[in-house]
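Below, each chain spelled out in residue letters.
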Amino acid sequence: MTSDLTATLNMIAHDPLVAGFALILAGALISRMLFKQQPMWRAVARIIFLALA
């Protein structure tokens, strides 16, 4: 049972779509914290993280 769960989680962790989504989510959270008062720079940071993914 646990080996099936481990294999599934390992497969999900190596999925490029999941990795890209995690990078975009991290970029959105980081840009929100860093540029809370500057919405223009926050948008630029999100575009950069989107381009990286």
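The rules behind these values
Residues numbered from 1 in each chain as written. Predicted model: local features only at pLDDT ≥ 70, side-chain atom pairs only at ≥ 80, totals over all residues. Heavy atoms only, no water. Patch = residues over 30% accessible without salt bridge, like charges linked within 9 Å, V, L, I, M, F, W, Y side chains within 5 Å. Areas by Shrake-Rupley, 256 points an atom, 1.4 Å probe, with all protein chains shown as cover. Salt bridge = Lys/Arg side-chain N within 4 Å of Asp/Glu carboxyl O. Helix = DSSP H or I, 4+ residues; strand = E, 2+ residues; numbered from the N terminus. Buried < 20%, exposed > 50% of the residue type's maximum accessible area, 1.4 Å probe, protein only. pLDDT = per-residue confidence, 0-100. Expected span 1.5 Å × (residues − 1). Arc of directions from axis to C-beta.

A.B. asks: Which parts of the structure should I look at to understand a nonpolar patch on the surface?
C.D. replies: A cluster of nonpolar side chains, namely Phe 21, Leu 25, Leu 29, Ile 30, Met 33 and Leu 34, defines an oily patch on the protein surface of about 670 Å² accessible area. Its location among the elements puts Met 33 in helix 2 (residues 16-34). Note on Met 33: relative accessible area 63%, which makes it exposed.

A.B. asks: I tried to follow the confidence of the model for the protein chain on my own but got confused; where do I start?
C.D. replies: Low pLDDT marks stretches whose predicted atomic positions should not be read closely. Summing up the model confidence of the protein chain, the mean pLDDT is 84 and the portion of residues at 70 or higher is 94%. Within the protein chain, no element has a lower average pLDDT than helix 1 (residues 2-13), which sits at 82, and none a higher one than helix 2, at 85.

A.B. asks: How should helix 2 be read in this particular structure?
C.D. replies: An α-helical turn contains 3.6 residues, so a residue and the one three or four places further along point in the same direction. The end-to-end C-alpha distance of helix 2 is 27 Å, a good match for the 27 Å that 19 residues give at a rise of 1.5 Å each. Every buried residue of helix 2 is listed here: Gly 20, Gly 27 and Ser 31. When helix 2 is viewed along its axis, its buried side chains cluster within an angular range of 25° and face the same direction. In helix 2, those exposed residues whose orientation departs by more than 90 degrees from the buried face are Phe 21, Leu 29 and Met 33.

A.B. asks: Help me understand the environment of Ala 19, please; the structure alone is not making it clear to me.
C.D. replies: Topologically, Ala 19 is positioned in helix 2. Accessibility expressed as a relative area gives 44% for Ala 19, which makes it partly exposed. Distance in space between the C-alpha atoms of Ala 19 and Ser 3 is 22 Å, their sequence separation being 16 residues.

A.B. asks: What is the right way to look at the environment of Ala 51 in this model?
C.D. replies: Inspection of the secondary structure assignment puts Ala 51 in helix 3 (residues 39-52). Residue Ala 51 is classed as exposed on the basis of its relative accessible area, which comes to 64%. Remark: the alpha-carbon pair of Ala 51 and Ala 26, spanning 25 residues in sequence, is separated by 13 Å.

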